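Each chain, letter by letter, is given below.
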Amino acid sequence: MIVVGSQNDAKVRPVREVFVAVSPGVAVAGARVPSGVRAQPIGFEETLIGAQNRARGAARHAGATWGVGLEGGVEFDSEDRCWLFGVVVVVRDHREASARSASLMLPRSVAERVRRGEELGPVMDELVGEVGVKTRGGAVGHFTSGLLVRADVWRQALILALPPILKSELYVP
Ligand SMILES: O=P(O)(O)OP(=O)(O)OP(=O)(O)OC[C@H]1O[C@@H](n2cnc3c(O)ncnc32)[C@H](O)[C@@H]1O
């Protein structure tokens, strides 16, 4: 069974889609796993650690053959622009692999609130006027008018994380 370290549908669904394509009939389940980092990670390192903790925690669940951790984060660049991205970590046996997703530049008004310590999820809910945006299209869905949604970005990042495990013969340590 593939265990995802989250119960957020915008994460579990893309993981299910990718693993079912790789291995038809495989079971994929979401589980509550602490990320061990702040609710709103800032910077690549903190986001990676959150994804690692989720993947390792998921892999420890009874019956898990793989653990998958997805963590959303933001980072500020030298021009103070704020980029939203995600990190995926996959764990299978003692192997671990990861990938970073594509990024979206957030509007300054949103970035400023995140910089002051607010979590992006509630800020997006307020902007969109709905509850739980992060479990559906996410910020990506809103700002791209649905051309791309949060699950699309996770799906691509997960696919990019898999080669060191699925083609391990090419990735000798
Ligand atoms: O239930 P979990 O797995 O914790 O899912 P999450 O969406 O709350 O947690 P993430 O670790 O993926 O994201 C970290 C924070 O960034 C926010 N966030 C990330 N991507 C987002 C998006 O596309 N839309 C809205 N909020 C987002 C989210 O609300 C969190 O506060």
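These numbers come from a predicted model, not from an experiment.

Caption draft 1: Quick look at the UniProt feature "domain: Non-canonical purine NTP phosphatase/PRRC1" (unreviewed entry) in the protein. Per the UniProt record, "domain: Non-canonical purine NTP phosphatase/PRRC1" (unreviewed entry) is annotated on residues 5-165. The annotated region residues 5-165 carries 42% helix and 20% strand content, and the separation between its end C-alpha atoms amounts to 19 Å.

Caption draft 2: Region of interest: the site of the ligand. Lining the immediate environment of the ligand, one finds 18 residues, of which Ser-6, Gly-72, Gly-121, Lys-134 and Gly-138 sit closest. Secondary structure elements with two or more residues in the shell around the ligand: strand S3 (66-76), helix H4 (120-128) and helix H5 (138-143). For the shell around the ligand, the class distribution of residues is seven nonpolar, six polar and five charged.

Caption draft 3: Representation of the pairing of strand S5 (residues 95-100) within the structure. Taken together, the six bridges between strand S4 (residues 82-92) and S5 define a ladder with antiparallel strand orientation. Bridge pairing in S5 places Val-87 opposite Arg-100. Between the end of S4 and the start of S5, which pair antiparallel, lie two residues, with Asp-93 showing a positive phi angle near 50 degrees.

Caption draft 4: Spatial organisation of the confidence of the model for the protein. Considering every residue of the protein, the mean pLDDT works out to 97; 100% of them sit at 70 or more. Reported confidences for the modelled complex are a pTM of 0.96 and an ipTM of 0.95.

Caption draft 5: Quick look at the environment of Gly-5. As for its position among the elements, Gly-5 is in the loop between strand S1 (2-4) and helix H1 (9-22). Residue Gly-5 is classed as buried on the basis of its 31 C-beta neighbours within 10 Å. Put simply, Gly-5 and Glu-71 are 66 residues apart on the chain and 9.4 Å apart in space, counted from C-alpha to C-alpha. Sequence-distant contacts of Gly-5, defined by excluding residues within four places in its chain, comprise Ala-31, Val-33, Arg-54, Ala-55, Gly-57, Ala-58, Gly-67, Val-68 and Gly-69.

The rules behind each value
Residues numbered from 1 in each chain as written. Predicted model: local features only at pLDDT ≥ 70, side-chain atom pairs only at ≥ 80, totals over all residues. UniProt positions renumbered as here; feature names shortened; annotations may be inferred. Helix = DSSP H or I, 4+ residues; strand = E, 2+ residues; numbered from the N terminus. Near = placed C-beta within 6 Å. Nonpolar A, V, L, I, M, F, W, Y, C, P; charged D, E, K, R; others polar. Pairing = 2+ DSSP bridges. pLDDT = per-residue confidence, 0-100. Buried ≥ 20, exposed ≤ 12 C-beta atoms within 10 Å, placed from the backbone. Contact = placed C-beta atoms within 7 Å.

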